Amino acid sequence: MRQILSMAFTCLLLSATAPSAADWPQAWFDAGHTAHNPGETGLSTSNVGRLRLAWSQHSTGFWAGAIVADGRIYVGGSDDRLHAYDAETGVELWSGPSEGVLFANAGAFSDGLVFASATSEPLRAYDAETGVVVWSAPENSIFRASPTVDSGVVYATSFDGILSAFDAASGAHLWSTAEACCVFDQAPAVDGGRVFQMRTNGTLTAYHASTGTELWTIVAFSAGSVTAANGRVLFGNTPDVVAVDQATGEELWRTPVFDTATNGSPAVADGRVFVQT
């Protein structure tokens, strides 16, 4: 495993872009997990071949995905610490306290805070400028999926399937659902005032984003996170890509595309759905 985790973090550069266009503040870009940055216009099929190496960072191995915000890259390392790097130069700006276990999932950024958890550890909020821990979720909450931030609220689901909402600034606990085992890499998606959570017990559930009230549950399974956009919840359920109605959970369509199981999430842009096969 340590050989796999020894890969370097690499930055590819085509041309300078505005900070807002360059940001990727959480896993899959936004709270709905569309993986589409509408502000990015510099990269295209005509110039992607001219990408060149800007810098690479070998200070630690990386298993978790990186996020980008305000000119910095934040990524958890296999050295059990969260790291911040200058996006332009690759210079390390800070490393957080040791968590005693590696980071496996991307964090999220909002209003000067970075939210992340090491593997099966509590969710923590780090000061984006210094790496100091500002607040931590209760120690009995262990997480194995990326958090999701939307409208000043952090949504995170623990391994035992409890979806919780925290005030992003203070860490105040807002609500939690009942236990429903389990969640492994299946981050909550937020769209239209609802939170959608896939679980390994073969269920997809929608909750009211403000109260945590359960709205509907259907039988469904995806090894990866769901995507919520355009009134639909999309997910891969081998061999199909499936779309259900956000308001009711009613299946709208399914299309066979997968030959083997995948934990990738559908991406949505310009009225199209993109999947990895």
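In this text, all values refer to a predicted model and were calculated from it rather than measured experimentally.

About the thresholds
Residues numbered from 1 in each chain as written. Predicted model: local features only at pLDDT ≥ 70, side-chain atom pairs only at ≥ 80, totals over all residues. Heavy atoms only, no water. Disulfide = S-S within 2.5 Å. Buried < 20%, exposed > 50% of the residue type's maximum accessible area, 1.4 Å probe, protein only. Patch = residues over 30% accessible without salt bridge, like charges linked within 9 Å, V, L, I, M, F, W, Y side chains within 5 Å. Areas by Shrake-Rupley, 256 points an atom, 1.4 Å probe, with all protein chains shown as cover. Salt bridge = Lys/Arg side-chain N within 4 Å of Asp/Glu carboxyl O. Helix = DSSP H or I, 4+ residues; strand = E, 2+ residues; numbered from the N terminus. Pairing = 2+ DSSP bridges. Axes fitted to C-alpha atoms, helices over the stretch in contact; angles between N-to-C directions. Phe/Tyr/Trp six-rings, centres within 6.5 Å; stacked < 30°, edge-to-face > 60°.

Chemist: I tried to follow the state of the cysteines on my own but got confused; where do I start?
Modeler: Where two cysteines share a covalent bond between their sulfur atoms, that bond is called a disulfide. Within the structure shown, the criterion is met by one disulfide. Here Cys 181 engages in a disulfide with Cys 182; their sulfurs sit 1.4 Å apart. Classification of Cys 182 by relative accessible area gives buried; the value is 10%.

Chemist: Explanation requested: a nonpolar patch on the surface in the structure shown.
Modeler: Nonpolar side chains collect at one region of the surface, where Leu 252, Trp 253, Val 257, Val 273 and Val 275 lie side by side and expose about 330 Å² of accessible area between them. As for its placement among the helices and strands, Leu 252 is situated in strand S22 (residues 251-256). With relative accessibility at 37%, the residue Leu 252 sits in the partly exposed group.

Chemist: What am I meant to see in the pattern of salt bridges here?
Modeler: A side chain of one charge can pair with a side chain of the opposite charge if their charged atoms are brought near each other. Applying the stated criterion across every chain, the model contains five salt bridges. In this structure, Glu 129 and Arg 72 form a salt bridge, with 2.9 Å as the shortest nitrogen-oxygen distance. Residue Glu 129 is found in the loop between strand S9 (124-127) and strand S10 (133-136), and its partner Arg 72 is found in strand S4 (residues 72-76); the two are separated by 57 residues along the sequence. With a relative accessible area of 18%, Arg 72 lands in the buried category.

Chemist: I'm lost on the sheet that holds S9 in this one. Help?
Modeler: Hydrogen bonds along the backbone pair up the strands of a sheet, which may run parallel or antiparallel. Ordered by their spatial adjacency, four strands build an open sheet running S7-S8-S9-S10, and the pairing between neighbours is antiparallel. In this open sheet, the two edge strands, each paired with only one partner strand, are strand S7 (108-110) and S10. Across the sheet, the mean angle separating the axes of adjacent strands is 25° when strand polarity is ignored. As paired elements, S7 and strand S8 (residues 113-116) share three bridges and run antiparallel to each other. Within S8, the position partnered with Ser 110 by the bridge is Leu 113.

Chemist: Mind showing me how you'd approach the packing of aromatic side chains here?
Modeler: The description of an aromatic ring pair uses the distance of the two centres, along with the angle that the planes make with each other. Within this structure, the stated rule accounts for eight aromatic pairs. The interplanar angle of 40° and the centroid separation of 6.0 Å between the aromatic rings of Tyr 74 and Trp 94 together place this pair among those described as tilted. Residue Tyr 74 is found in strand S4, and its partner Trp 94 is found in strand S6 (residues 92-95); the two are separated by 20 residues along the sequence. This pair shows no difference in class: Tyr 74 is buried, exactly as Trp 94 is. Feature note: the residues Tyr 74, Trp 94 and Phe 109 constitute an aromatic cluster, connected by ring pairs.

Chemist: Sorry, what's going on with the sheet that holds S6 here?
Modeler: Taken in spatial order, the four strands make up an open sheet running S3-S4-S5-S6, and their pairing is antiparallel. In this open sheet, the two edge strands, each paired with only one partner strand, are strand S3 (67-69) and S6. Neighbour to neighbour, the strand axes of the sheet diverge by 20° on average, direction disregarded. When S3 meets S4, the two strands line up antiparallel, connected through three bridges. Paired with Val 68 across the bridge in S4 is Ile 73.

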